[in-house]
Amino acid sequence: MDEQPRLMHSHTGVGMAGHPGLPQHMQEGTGGTDGDGRKQDIGDILQQIMTITDQSLDEAQARKHALNCHRMKPALFNVLCEIKEKTVLSIRGAQEEEPPDPQLMRLDNMLLAEGVSGPEKGGGSAAAAAAAAASGGAGADNSAEHSDYRAKLSQIRQIYHTELEKYEQACNEFTTHVMNLLREQSRTRPISPKEIERMVSIIHRKFSSIQMQLKQSTCEAVMILRSRFLDARRKRRNFNKQATEILNEYFYSHLSNPYPSEEAKEELAKKCAITVAQVSNWFGNKRIRYKKNIGKFQEEANMYAARTAVNAANASSHGSQANSPSTPNSAGSPCTRSMPITR
DNA sequence: TAATATGATTTATG
DNA sequence: CATAAATCATATTA
């Protein structure tokens with residue numbers, strides 16, 4: 001930039017022989033060397049660096065080649081390997097042996113059980129079927145709720161699988177890369193196959209820890225989904241009329257002892273298309289609520305009493321006392337079935 | 001929309 | 001563990 005003027009100056013200065021010295025000095029001291037020279041230096045350095053790099057690379061390559069071709073090389077290499085083998089073994093003794101991580105196993109099991117990591121469609125439907133069974137088999141109306149659950153589950157599964165695949169692929173890529181590198185290096189420095197193996201296992205461990213994180217988060221997601229599903233399941237659905245009638249029938253015809261045996265519960269459950277647990281719930285609720293307010297249930301009690309009475313009369317045209325249900329008005333105390341009631 | 005009914009869950013008890 | 005009792009959360013009704 002400002003070299004040009006100075007050069008011009010210098011030219012003029014040189015040309016003017018009558019004034020030597022000052023301009024000349026200025027030119028050399030400041031102008032020329034300062035600008036031109038520095039640039040030159042940088043250029044030189046750069047050049048040097050470049051050439052050095054090139055040279056060293058070439059040199060290294062050459063040396064490597066020379067080394068590989070050296071007649072002493074195999075022997076030397078063997079010695080190195082031997083030494084290394086010993087040291088490595090001593091090191092190796094300390095660590096090693098990885099037990100299968102129980103945490104990971106747990107995650108795997110859960111994912112498998114949840115149908116996330118299992119077979120594609122089979123797992124999902126199996127899980128759905130299990131869920132349906134768990135929900136009490138209260139009818140076909142809960143399939144709508146399940147579809148939501150299933151959709152989200154399959155979404156999770158898809159994400160999980162793609163991520164897993166991605167990790168797997170990255171792991172394989174990286175492993176092969178490292179192995180190639182090591183194989184290449186093993187020509188100039190002693191690297192035993194065991195070492196490579198160890199390296200690979202280290203890589204795998206690293207990647208599996210990442211996978212574990214994925215599994216963890218997937219499990220979390222499934223748990224959340226599941227809890228929400230359970231919450232949804234908690235949405236109460238009244239039993240159908242028939243079921244309540246059957247239950248009430250039993251209740252009021254056993255009012256003196258409204259505690260169905262396990263067998264009776266099973267039968268009731270079957271008849272009402274609900275679970276035994278639901279039958280238990282129902283009786284638990286019924287008992288406490290009946291006891292709490294007998295008056296409120298009076299009407300109902302009479303109704304069922306009448307009905308069962310009619311049934312009994314119809315069934316057995318026996319002349320003697322039909323076993324009419326116990327009276328509601330004496331619910332707390334144990335009243336015999338033979339106790340006749342009217343109304 | 002408040003009140004009530006009702007199935008499920010939680011807590012307490014023997 | 002079965003049940004009682006209290007409580008929750010929703011469904012149904014008025």
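This section reports on the structure supplied with the text. As the structure is a computational prediction, the values presented were derived from the model and not from experiment.

### Section: a negative patch on the surface
Thought 1: Taken together, Glu262, Glu263, Glu266 and Glu267 make up a surface patch of like negative charges.
Thought 2: Tracing the backbone through its elements, the reader meets glutamate 266 in helix H9 (residues 262-272).
Thought 3: Its relative accessible area of 44% is what places glutamate 266 among the partly exposed residues.

### Side note on a nonpolar patch on the surface
Thought 1: On the surface, a cluster of nonpolar side chains totalling about 370 Å² of accessible area is made up of Ile42, Ile45, Leu46 and Ile49.
Thought 2: Relative to the helices and strands, isoleucine 49 is located in helix H2 (residues 22-69).
Thought 3: By relative accessible area, which is 44% here, isoleucine 49 ends up partly exposed.

### Looking at the protein's contact with DNA strand B
Thought 1: Residues in close proximity to DNA strand B total twelve residues, the closest being Arg236, Gln278, Asn281, Asn285 and Arg289.
Thought 2: Taking arginine 289, its side chain carries an N or O atom lying 2.6 Å from a base oxygen of DNA strand B.
Thought 3: In terms of residue count, helix H10 (residues 276-292) provides more of the surface near DNA strand B than any other element does, five residues in total.
Thought 4: Its residues assigned to classes, the surface near DNA strand B shows two nonpolar, five polar and five charged.

### Regarding the nonpolar core
Thought 1: The biggest cluster of nonpolar side chains holds 19 residues, and the ones touching the most others in it are Leu247, Phe251, Tyr252, Leu268, Val279 and Phe283.
Thought 2: Elements represented by at least two residues in this core include exactly helix H8 (241-253), H9, H10 and helix H11 (294-315).
Thought 3: The element best represented in this core is H8, accounting for six residues.
Thought 4: In this structure, valine 279 is in contact with Leu247, Lys265, Leu268, Ala269 and Ile274, ignoring residues within four places of it in sequence.
Thought 5: If you look at the next biggest cluster of nonpolar residues, it comprises 13 residues, including Ile156, Leu214, Val222 and Leu225.

### Observations concerning H9
Thought 1: When H9 is considered as a whole, its buried residues turn out to be Ala264, Lys265, Leu268, Ala269 and Cys272. Buried residues of H9, viewed axially, fall in a sector of 140 degrees; they line one side. Turned more than 90 degrees from where H9 packs its buried face, Glu263, Glu267, Lys270 and Lys271 sit exposed.
Thought 2: Each element contacted by the buried residues of H9 is listed here: H8 and H10.
Thought 3: Just downstream of H9, alanine 273 is the residue with a positive phi angle, here 60 degrees.

Criteria and cut-off values
- Residues numbered from 1 in each chain as written.
- Chains lettered and ligands numbered in written order.
- Predicted model: local features only at pLDDT ≥ 70, side-chain atom pairs only at ≥ 80, totals over all residues.
- Heavy atoms only, no water.
- Patch = residues over 30% accessible without salt bridge, like charges linked within 9 Å, V, L, I, M, F, W, Y side chains within 5 Å.
- Areas by Shrake-Rupley, 256 points an atom, 1.4 Å probe, with all protein chains shown as cover.
- Salt bridge = Lys/Arg side-chain N within 4 Å of Asp/Glu carboxyl O.
- Lys, Arg positive; Asp, Glu negative; His and termini not counted.
- Charge placed at Lys NZ, Arg CZ, Asp CG, Glu CD.
- Helix = DSSP H or I, 4+ residues; strand = E, 2+ residues; numbered from the N terminus.
- Buried < 20%, exposed > 50% of the residue type's maximum accessible area, 1.4 Å probe, protein only.
- Near = heavy atom within 4 Å.
- Polar contact = N/O pair within 3.5 Å; in protein donor to acceptor, adjacent residues only side chain to side chain.
- Nonpolar A, V, L, I, M, F, W, Y, C, P; charged D, E, K, R; others polar.
- Core = buried A, V, L, I, M, F, W, Y, C linked by side-chain atoms within 4.5 Å.
- Contact = heavy atoms within 4.5 Å.
- Arc of directions from axis to C-beta.

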